[in-house]
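Descriptive structure summary
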Amino acid sequence: MSGAVDLSSLKQPPAGASGGGGGDYAVSEVDFETKVLRRSMQVPVVVALYSQRSPGSVELVRTLERLVAEGGGTWDLATVEAESNMRIAQAFGVQGIPTVIAVAGGQPLADFQGAQPEPQVKQWLSAVIDAVAGKLEGDGAAEPQPADDPRFVAAEAALERGDMAGAEAAYEAIIAAEPGNEEAKNALRQLRFLSRAQAIPDSAIATANADPADIDAALDAADVEMLHQRPDASFDRLITVIKKTAGDDRTKARTRLLELFELFDPAEPFVVAARRKLAAALY
């Protein structure tokens, strides 16, 4: 599989994504870059895509969890609940559950599909480890990784406690001290969006559809669509408002649209397409 799959889109989680539970090895779109892509620069990471509704895939995950605990750090495990992390499954081109992919150096290396007996899993793991021996940082030549920035650690700890205001204040303090800190700026944008959007009921979409002239309802509906990972629908709704309005209403919709654009990498195809539609709507 090496080089055949582009995982770059998973470096930026979608707006509204949240971390998953499910155990020490659980990975979601939020932490995929850290726990899989970055970690795979040190040791191979075995990504197991499974479903709670598939007893065979759950049993395979349990087998892998047992084997990684016995592996002595020669490889790492990332378990991904496929139904709640569809972007990960789509990025790997998963055709069935369970699917297991070894990622090394940020690229897929090998994979297998379907439940397998433990001896075959062990043989596959051995082949993966042999294939990357001496080629990754974790094999001995890597420089020590810098310690996590305590300011970000504090912000993330506040988020885990559900203290959104505390996390926002922590990111604002980082930006005040370092106006060019893009990581803090991106985190603050995501946090402010979540704080706003999570307070809006899902019924906002029906409300906006029932009264297209209600600008505030349209803005709320766009937030809900974004929260549910439907950026195209969210963008299109606001662009439609921009086409039909003028003055303060148009400015309000355009400002919200630009805020939502900033939640993503500007090179994302759906962002590029929406910017073109915005330009056409304005001019």
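Look up: the structure comes first, before these words.
Residues numbered from 1 in each chain as written. Predicted model: local features only at pLDDT ≥ 70, side-chain atom pairs only at ≥ 80, totals over all residues. Heavy atoms only, no water.

Topic: the overall build of the protein chain
Put simply, the rule reads: Only DSSP runs of H or I reaching four residues or more are called helices, and only runs of E reaching two or more are called strands; each is numbered from the N terminus. The rule is simple: take the accessible area with a 1.4 Å probe, protein chains only, and divide by the maximum for that residue type; under 20% is buried, over 50% is exposed, in between is partly exposed. We call two residues in contact when some of their heavy atoms are within 4.5 Å. In these tables, accessible area is a Shrake-Rupley quantity obtained with a 1.4 Å probe, and a residue counts as shielded only by the protein chains included in the view.
Check the secondary structure of the protein chain and you find 12 helices and 4 strands. Counting only residues that meet the buried cut, the protein chain has 42% of its 283 residues in that class. Residue pairs at least 24 apart in sequence account for 62% of intrachain contacts in the protein chain once pairs closer than 6 positions are excluded. When the accessible surface of the protein chain is totalled, it reaches about 14,600 Å², and 51% of it is carbon and sulfur.

A few points about the pattern of salt bridges
As a reminder, the rule being used: We count a salt bridge whenever a side-chain nitrogen from Lys or Arg sits within 4 Å of a carboxyl oxygen from Asp or Glu.
Considering all chains together, one arrives at 22 salt bridges under this definition. We note a salt bridge from Arg151 to Glu178, for which the minimum N-O separation is 2.8 Å. Of this pair, Arg151 sits in helix H5 (residues 150–160) while Glu178 sits in the loop between helix H6 (164–177) and helix H7 (182–197), and the two are 27 residues apart along the sequence. The partly exposed category is assigned to Arg151, whose relative accessible area is 29%. A relative accessible area of 33% means that Glu178 is categorised as partly exposed. Linked by salt bridges that have partners in common, Arg196, Asp223, Arg256 and Glu259 make up one network.

Comments concerning helix H10 (residues 231–244)
Convention followed: How far a helix is expected to stretch is found by multiplying one less than its residue total by 1.5 Å.
With 14 residues, H10 extends 20 Å from end C-alpha to end C-alpha; this agrees with the ideal 20 Å at 1.5 Å per step. Within H10 the residues assigned to the buried category are Pro231, Ser234, Phe235, Arg237, Leu238, Ile239, Val241 and Ile242. Looking at the buried residues of H10, the elements they touch are helix H8 (204–210), helix H9 (215–227), helix H11 (247–261) and helix H12 (269–282).

Quick notes on the sheet that holds strand S4 (residues 107–113)
Stated formally: Note on pairing: two strands pair once DSSP finds at least 2 bridges between them. Axis definition: a line fitted to C-alpha atoms, over the contacting stretch in the case of helices. Angles run 0 to 180 degrees between N-to-C directions.
With respect to topology, 4 strands assemble into an open sheet ordered S2-S1-S3-S4, the strand pairing being mixed. Edge strands, defined here as strands with exactly one partner in the open sheet, are strand S2 (76–81) and S4. Across the sheet, the mean angle separating the axes of adjacent strands is 20° when strand polarity is ignored. Helix H4 (residues 118–132) contacts strand S1 (45–50), strand S3 (99–104) and S4 of the sheet and is inclined by roughly 165° relative to S4.

Let's talk about the nonpolar core
Which entries qualify depends on this criterion: We call a set of buried Ala, Val, Leu, Ile, Met, Phe, Trp, Tyr and Cys residues a nonpolar core when their side-chain atoms join them within 4.5 Å.
Ranked by internal contacts, the top residues of the largest apolar core, which has 24 residues, are Phe193, Met226, Phe235, Leu257, Leu260 and Phe261. Of all the secondary structure elements, the ones that give two or more residues to this core are H7, H9, H10, H11 and H12. Top contributing element to this core by residue count: H9, with 6 residues. Counting 18 residues, the second-largest nonpolar core is a separate cluster that includes Val58, Val68, Val100 and Phe112.

Here we look at the packing of H6 against H7
Put simply, the rule is: Should an angle fall under 35 degrees it is called roughly parallel, over 145 degrees roughly antiparallel, and 65 to 115 degrees roughly perpendicular, with every other angle called oblique. The sense of a crossing depends on the near helix, which, turned anticlockwise from the far helix by less than a right angle, makes the crossing left-handed and, turned clockwise, makes it right-handed. Each residue gets one label: Ala, Val, Leu, Ile, Met, Phe, Trp, Tyr, Cys and Pro are nonpolar, Asp, Glu, Lys and Arg are charged, and the others, such as Gly, are polar.
At their nearest, the axes of H6 and H7 sit 9 Å apart, and the two run at 155° to each other. When the axes of H6 and H7 are compared, the pair comes out roughly antiparallel. Helix-helix and strand crossings are classified by hand; for H6 and H7 the assignment is left-handed. On H7, the residues that touch Met164, Ala167, Glu168, Tyr171, Glu172, Ile174 and Ile175 of H6 are Ala184, Lys185, Ala187, Leu188, Leu191, Arg192, Leu194 and Ser195. Of the residues assigned to the contact of H6 with H7, the class counts are 10 nonpolar, 1 polar and 4 charged.

A look at the environment of Ile88
Of note, Ile88 is situated in helix H3 (residues 86–92). Classification of Ile88 by relative accessible area gives buried; the value is 0%.

Things to note about unusual backbone geometry
Pro98 follows Ile97 through a cis peptide bond whose omega is 0°. As for its position among the elements, Pro98 is in the loop between H3 and S3. Positive phi outside glycine occurs at Gln229, with the angle close to 60°. Within the fold, Gln229 resides in the loop between H9 and H10.

A closer look at the side chain of Glu81
Stated formally: Positive residues here are Lys and Arg, negative ones are Asp and Glu, while His and the chain termini are left out of the count. Polar contacts, as used here, are pairs of N or O atoms within 3.5 Å; protein pairs need one atom able to donate a hydrogen and one able to accept it. Residues neighboring in sequence count only if both atoms are side-chain atoms.
Looking at the element boundaries, Glu81 is found in strand S2. For the buried residue Glu81, which engages in no salt bridge, the nearest side chain bearing the opposite charge is Arg53, 6.7 Å off. Of the polar contacts made by the side chain of Glu81, one reaches the backbone nitrogen of Gln52; its length is 3.3 Å. Within the structure, the side chain of Glu81 is placed 3.1 Å from the backbone nitrogen of Glu83, a separation counted as a polar contact. Discounting chain neighbours no more than four positions away, the residues touching Glu81 are Tyr50, Ser51 and Gln52.

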